[in-house]
Amino acid sequence: MIEITAKKNHDYALDTNPFSNFEKAELLGICSNEAGFLIRIMDKISRLTNYLNKGTLLVEDESVTDTIQDASNYLILLAGYIQSKKDDENIAF
């Protein structure tokens, strides 16, 4: 999970800010950054729900395990994002 997060960070985020891709939701006025994380998590939950209900996935280059790991990584990144905001405000998480 660490390896895939590092690779995706390389592909999606700025080197100076690992949350830069997630902060685009608020920057574009779509929703809060935190809601942006939740939307991505819900996309993964929806995929897992459909898999459990239908028993198959048509996108074969992302396994069920990949989807679970992506959802887990999004949750960990959300925790890190919340903590970074708290650190900026000197508030304990």
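Here, every reference points to the structure presented above.
Residues numbered from 1 in each chain as written. Predicted model: local features only at pLDDT ≥ 70, side-chain atom pairs only at ≥ 80, totals over all residues. Heavy atoms only, no water.

J.: Honestly, the packing of aromatic side chains in this entry has me stumped. Any pointers?
T.: Ring pairs (aromatic) are described by centroid distance and by the angle formed between their planes. With the rule as written, the count across this model stands at four aromatic pairs. Taking the centre distance of 5.4 Å and the plane angle of 75° together, the rings of Phe19 and Tyr81 count as edge-to-face. Of the two residues, Phe19 sits in the loop between α1 (2–12) and α2 (24–27) while Tyr81 sits in helix α4 (residues 64–89), which places them 62 residues apart along the sequence. Judged by its relative accessible area of 12%, Phe19 is buried. When the centroid spacing of 6.0 Å and the interplanar angle of 85° are considered together, the rings of Phe22 and Tyr74 count as edge-to-face. Of this pair, Phe22 sits in the loop between α1 and α2 while Tyr74 is found in helix α4, placing the two residues 52 residues apart along the sequence. A relative accessible area of 7% places Phe22 in the buried class. (Phe/Tyr/Trp six-rings, centres within 6.5 Å; stacked < 30°, edge-to-face > 60°. Helix = DSSP H or I, 4+ residues; strand = E, 2+ residues; numbered from the N terminus. Buried < 20%, exposed > 50% of the residue type's maximum accessible area, 1.4 Å probe, protein only.)

J.: Teacher, can you tell me more about the environment of Lys85 here?
T.: Tracing the backbone through its elements, the reader meets Lys85 in helix α4. With relative accessibility at 30%, the residue Lys85 sits in the partly exposed group. Only 2.7 Å separates the side chain of Lys85 from the side chain of Glu34, close enough to count as a polar contact. (Polar contact = N/O pair within 3.5 Å; in protein donor to acceptor, adjacent residues only side chain to side chain.)

J.: How should the nonpolar core be read in this particular structure?
T.: General note: in soluble globular proteins, nonpolar side chains tend to be found buried as a group. One finds Phe19, Phe22, Phe37, Ile41, Tyr74, Leu77, Leu78 and Tyr81 forming the largest nonpolar core, which totals eight residues. Elements with a minimum of two residues in this core: α3 (33–54) and α4. Looking at this core, the element that brings in the most residues is α4, giving four residues. (Core = buried A, V, L, I, M, F, W, Y, C linked by side-chain atoms within 4.5 Å.)

J.: Can you help me understand the pattern of salt bridges in this one?
T.: Pairs can form between side chains of opposite charge once their charged atoms are near each other. Per the stated rule, a full pass over the model turns up six salt bridges. Notably, a salt bridge pairs Asp70 with Lys44, separated by 3.2 Å at the nearest N-O pair. Taken together, the positions of Asp70 in helix α4 and Lys44 in helix α3 put the pair 26 residues apart, joining distant regions of the chain. Just as Asp70 is buried, Lys44 falls in that class too. Of the charged contacts, one joins Glu62 and Arg47 as a salt bridge, the two residues approaching to 3.8 Å between their closest N and O atoms. In this pair, Glu62 sits in the loop between α3 and α4 while Arg47 sits in helix α3, placing the two residues 15 residues apart along the sequence. (Salt bridge = Lys/Arg side-chain N within 4 Å of Asp/Glu carboxyl O.)

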